[in-house]
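# Chains, contacts and geometry: an overview
Here are the chains, one letter per residue:
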Amino acid sequence: MPTTQTPTKQNAVYTMLAVAVLALALVPVGGAVFVLGFIYGDSPCVMCWEQRVGMALVALIGLFVLRFGARPKYIGLSVLVGAWGVFMGLRHVGMHAARDIGQGFSAEILGAHTYTWSLFIFWICIVTMGLLLMMLQRGDAQVSPRGLRPIEKVAMLVFLVVIAGNVVQAFASTGPPPYMGQGDPVRFSFNPKHWVWSLEEWSNLLSFDRWSLRGRWAAEKPGLAGVSADPAGSPLANIPTLSIQEQRRLAIPLRGTITDIAYDAGSDRFLLTTQHGVYILDGSLQRLVRYTVVDPGYSVDLGNFAGAAFIGGNEVMALGENKSYVVLREDDEANADANFRYFLESFDTFKEVSRSRLAAVRARMMYTMSLAFDAAGRSVYTVTVPNSKSKRLVVSRFDRRDLTLSEEFMPGLKPEGEPGLRAKRSVDEFYVTGAAIENGRLYAISAAFSTLLTIDLATHEIVAAHAVSGLDHPTGIAIKGDQIYLACEDGRVVTVAKPVS
Amino acid sequence: MEFLNLVLIFITGCLVFRKPEKERVAFRILVVSVLLMVFLFSMATRTALLPGVNY
């Protein structure tokens, strides 16, 4: 076995590397400055600049290898820069990838925006490095500088011309140090009157509380720990109080704690969910009609159930905190073997109809702990719970037929009259853990401040609010006749009189 | 700062091409340029260093 390649084979490797450097310098780095920049006036944003610099650095390291041989430190650095480039591409693409079709930032080329091409190019760089490395053999690392062949000289000259062009564009677009690139750059121009040099990226650099790994995506999971149940702290002033009329604890053993409750007047039955359980009980909450425990990890990640609703046609819906849902149909002849994949217990009482996700817009960055069905409007509703990153009370309506977002609003208070808001407070402070709909009104129970909100679905106004004394962290609400049933975290189900408003 | 970094890259390319005996200097400038790129990108994305998507 030879320990070194023949000069011909070695030259072939370096020729391929020179061609790769030429391609990298000419197409993405050169094309970006001479075609997109100088001809079409495109200016990179600050992130695009670093991605372009990364590509230039990969090409530069290629020149090091052409000149000094395939030394381990050059190979290692090229892999590091390539990997960082892939990360930069992912970070940048992540800002825009989930937007509506065709949307993006700045120029689109052949169906993809420039930052997406950057991700692809860095990935190609790493693949190319791997292929070239496979062709190297021991002894290929040079000790002294190599003499350059014509194609290698061309690669170096082209690289320098391309970088010179980028230096010109960078001076015009970003300015000399300490000025640097901008989030929303100004169109490129050779006319200094149109140059905008910015220091915006330096602002608050030392405010380390603004440094974050995931930003607003670092929202905590919902939970009632730390949520104040005291109505006295409510953002609403002078609201009437409802008293608990009756309370009970279910005699039926449940897998987990009650996370929501719903009622169907047509069949006089209650629906309860636990973390992963779905239970149908009779109208007295004493007899279990049927139940199952859903496998939450099969296919769609359902998380923990936080919402439950009868949605018509012998179908029930259980909603996870992450707005993923499962629709089940009552079926006395369900195939237990076929249901093995869907359920963890009680395989022959339901048939799984669908399992998917509700997609919101205003409520996108917030979890939900409630679900309600409006038979008249053929819609299901969710209400958000605030988190440390996003604090907005958002009601979302999804059409029952395709479970697609059809309306979203942020309920407000009537301009005058009751209930009134205390100074410097907001209805966004409520932590709605249960919802039910009757006669065009959404009744939302908030674990924060133990408050029942009545929201008019037509006017989007909070038309009434009532404190519920003695309530401790409700998790669900159901309306049966003139009674409101509230399931609590501690396992109680309490009833209060439905307010007349 | 991008201007500065590209100037450094241009100087490094010139050294590799015309002054190969300055290999160590060229490599040091290369490393500085890589670190400057990492710093500037991190600074520009400091409010959310990782991609803003579900994990």
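So, here's what we can say about the structure. (Residues numbered from 1 in each chain as written. Chains lettered and ligands numbered in written order. Predicted model: local features only at pLDDT ≥ 70, side-chain atom pairs only at ≥ 80, totals over all residues. Heavy atoms only, no water.)

### A word on the overall build of chain B
The helix and strand tally for chain B stands at two helices and zero strands. Taken along its principal axes, the extent of the C-alpha atoms in chain B is 50 × 20 × 15 Å. Scored against the burial criterion, the 55 residues of chain B give a buried share of 56%. Approximately 2500 Å² of chain B is accessible, and the part contributed by carbon and sulfur atoms is 69%. (Helix = DSSP H or I, 4+ residues; strand = E, 2+ residues; numbered from the N terminus. Buried < 20%, exposed > 50% of the residue type's maximum accessible area, 1.4 Å probe, protein only. Areas by Shrake-Rupley, 256 points an atom, 1.4 Å probe, with all protein chains shown as cover.)

### Some points on the layout of surface pockets
Of the volumes computed, that of the largest pocket is approximately 1200 Å³. Lining the largest pocket are 33 residues; nearest its centre among them are Trp 217, Arg 364 and Met 365 of chain A together with Val 53 and Asn 54 of chain B. In terms of residue count, the dominant contributor to the lining of the largest pocket is helix α3 (residues 72-96) of chain A (four residues). Surrounding the second largest pocket, 45 residues form its lining, Leu 24, Pro 28, Met 55, Ile 121 and Cys 125 of chain A being those nearest its centre. Secondary structure elements with two or more residues in the lining of the second largest pocket: α1 (7-37), α2 (46-68), α3 and α4 (114-135) of chain A. Counting residues per element, the lining of the second largest pocket draws most heavily on α1 of chain A, at twelve residues. Looking at the lining of the second largest pocket residue by residue, the classes come out as 34 nonpolar, nine polar and two charged. (1 Å grid on protein atoms, 1.4 Å probe; cavity = no way out; pocket = protein on both sides within 12 Å on 5 of 7 lines; lining within 4 Å. Points joined across faces, edges and corners; volume = space filled by probe spheres on them. Nonpolar A, V, L, I, M, F, W, Y, C, P; charged D, E, K, R; others polar.)

### Focus: the environment of Ile 163 of chain A
Tracing the backbone through its elements, the reader meets Ile 163 of chain A in helix α5 (residues 150-173). Taking the C-alpha atoms as reference, Ile 163 of chain A lies 69 Å from Tyr 263 of chain A; in sequence the two are 100 residues apart. Contacts of Ile 163 of chain A, omitting those with residues within four sequence positions, involve Ala 56 of chain A together with Leu 6, Ile 9 and Phe 10 of chain B. (Contact = heavy atoms within 4.5 Å.)

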